[in-house]
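The residues making up each chain are set out below.
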Amino acid sequence: MRYWWVNHKQTFTQESSGGYLWSPKTKSNGARNKFYDNMAEASANDPVISFADGRVRLVGRVEGPAQTSPQPKEFAKTSNQWNEIGWMLPVSWYAVKIEVKPVDEITSIRPLLPPTHSPIRPTNGHGNQGAYLAEINKELFDIICGFSGFILDNPGDVVFSFNEYPIDQAEIEQAVLGLSDTERDQVIQSRRGHGKFRDRTLSIEPFCRVTGLANPNFLIASHIKPWRQCETAEERLDGNNGLMLAAHVDRLFDRGYLTFLADGTFILSPQLPNSVVEALRLPESDTVTCQAFSASQATYLDWHRQHVFRT
């Protein structure tokens, strides 16, 4: 896995709402550009720090390899200086809990910046002119996630996680035995919270019950009864077995640090450090008013409280 940092002040709105990054393949004079070459080097599941207007507001996950693509039409009002054909890199974006200003943290960040092609200036933390997609090390990624509220109690354990469990091909093959090609695709997509499972969950749970966040671009479809524990394809695709959660809430829920009661309230594990509760600015459960879960959802949540929640 490689780690990336993108400076995209000009195109932040378009790229964050559209779920991608886009760059030319070369400079306007035809010269190579390391920041553009990096687009073709990024791979699926690589993490990306988003930096715009002096702040880190999003963290992303690369969803697949870059493809040759025309400049997005929505860039028309932003800039006419780029070539019309470039790289399109699909990225899922997630909002951080606490926005990070590198200028305020430059003393901690400076030793971790790459010696060449750095996305920000080591002297003051401002973005480097001309920098777009820059490769960074895991240490820098971890410290930014820590400042933004994406680190749990274990050092280096990043709350923003792409897969709760490593993908096991044998496990997947066992799960899709006897299914049609269409059903196989749907079940495999549900492993990552995508496809039909996400659509079904979103139709039942249109917002995060802890934060109130309702923008689906920034919500994760999380299984209540974990994918690998489901006994049938129906369970893996059941929208009642899902919740739409903000990234940090999803991590806490998957790791058993947070669960829900049938009446709609959430409870925090006594094993969750107070420092994490404060850093993530988690609300008190009695200040969040949500409707009760359905009987089907309540059954899955009962399983979660018995087998996942840390008492």
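The model shown is predicted, which means the values in this text are computed figures rather than measured ones.

Cut-offs applied
- Residues numbered from 1 in each chain as written.
- Predicted model: local features only at pLDDT ≥ 70, side-chain atom pairs only at ≥ 80, totals over all residues.
- Heavy atoms only, no water.
- Helix = DSSP H or I, 4+ residues; strand = E, 2+ residues; numbered from the N terminus.
- Buried < 20%, exposed > 50% of the residue type's maximum accessible area, 1.4 Å probe, protein only.
- Contact = heavy atoms within 4.5 Å.
- Areas by Shrake-Rupley, 256 points an atom, 1.4 Å probe, with all protein chains shown as cover.
- Expected span 1.5 Å × (residues − 1).
- Arc of directions from axis to C-beta.
- Salt bridge = Lys/Arg side-chain N within 4 Å of Asp/Glu carboxyl O.
- Axes fitted to C-alpha atoms, helices over the stretch in contact; angles between N-to-C directions.
- Parallel < 35°, antiparallel > 145°, perpendicular 65-115°, else oblique.
- Left-handed = near helix turned anticlockwise from the far one by under 90°.
- Nonpolar A, V, L, I, M, F, W, Y, C, P; charged D, E, K, R; others polar.
- Pairing = 2+ DSSP bridges.
- Polar contact = N/O pair within 3.5 Å; in protein donor to acceptor, adjacent residues only side chain to side chain.
- Phe/Tyr/Trp six-rings, centres within 6.5 Å; stacked < 30°, edge-to-face > 60°.
- Lys NZ or Arg CZ within 6 Å of the ring centre and 35° of its normal.

1. Some thoughts on the overall build of the chain
In terms of regular secondary structure, the chain is built from 11 helices and 11 strands. Across the 311 residues in the chain, those meeting the buried criterion constitute 49%. Restricting to contacts in the chain with at least 6 residues of sequence separation, those with at least 24 account for 70%. By element, 48% of the accessible surface of the chain is carried by carbon and sulfur atoms, the whole surface being about 14500 Å².

2. A word on helix α11 (residues 295–307)
In this model, α11 (13 residues) spans 19 Å end to end at C-alpha, consistent with the 18 Å of a helix rising 1.5 Å per residue. Buried within α11 are the following residues: Gln297, Tyr300, Leu301 and His304. All buried residues of α11 lie within an arc of 100° about the axis, which places them on one face of the element. Along α11, exposed side chains directed more than 90 degrees from the buried face belong to Ala295, Thr299, Gln306 and His307. The inward-facing, buried residues of α11 abut α7 (195–204), α8 (233–237), α9 (247–254) and β10 (258–260).

3. Considerations on the pattern of salt bridges
Summed over the entire model, instances satisfying the criterion amount to 11 salt bridges. Note that Asp302 is salt-bridged to Arg305, the shortest N-O span being 3.5 Å. In this pair, Asp302 and Arg305 are both assigned in helix α11, 3 residues apart and thus about one turn of the helix distant. Since its relative accessible area comes to 33%, Asp302 is described here as partly exposed.

4. Observations regarding the packing of helix α3 (residues 102–109) against helix α4 (residues 138–147)
With their axes 11 Å apart at the nearest point, α3 and α4 run at an angle of 135° to one another. With respect to each other, α3 and α4 are oriented oblique. In terms of crossing hand, the pair formed by α3 and α4 is right-handed. Here Glu105, Ser108 and Ile109 of α3 come into contact with α4, specifically with Leu140, Ile143, Ile144 and Phe147. Its residues placed into classes, the contact of α3 with α4 shows 5 nonpolar, 1 polar and 1 charged.

5. Quick notes on the side chain of His304
With respect to the helices, strands and loops of the structure, His304 is situated in helix α11. With residues up to four places along the chain from it excluded, the contact list for His304 reads Ile224, Phe253, Leu258, Thr259 and Phe309.

6. What about the pairing of strand β9 (residues 242–245)?
Covered by surrounding structure in β9 are Gly242 and Met244 together with Leu243 and Leu245, the residues of both alternating faces. Bridge count for strand β8 (residues 220–223) against β9 is 4 bridges, and the pairing is antiparallel. Opposite His223, over in β9, you have Gly242 as the bridge partner.

7. Some points on α4
Of the residues making up α4, those classed as buried are Leu140, Phe141, Asp142, Ile144 and Cys145. In this structure, the buried side of α4 is in contact with β1 (3–7), β3 (47–52), β4 (55–62), β6 (85–100), α3 and β7 (133–136). Between a side-chain oxygen at the N-terminus of α4 and the backbone nitrogen of Glu139 the separation is 3.3 Å; the capping residue is Asn137.

8. Things to note about the packing of aromatic side chains
Throughout the structure, instances matching the rule amount to 5 aromatic pairs. Here the aromatic rings of Tyr3 and Phe141 are separated by 5.2 Å at their centres, their planes lie at 45°, and the arrangement is tilted. In this pair, Tyr3 sits in strand β1 while Phe141 sits in helix α4, placing the two residues 138 residues apart along the sequence. Pair check on accessibility: Tyr3 and Phe141 agree, each one buried. Members of the aromatic cluster, joined through ring pairs, are Phe253, Phe260, Phe266 and Phe293. For the cation-ring pair, Lys25 lies above Trp87, with the distance from its terminal atom to the ring centre recorded as 4.1 Å. It is Arg209 that lies over the ring of Phe293; its NZ or CZ is 3.8 Å from the centre.

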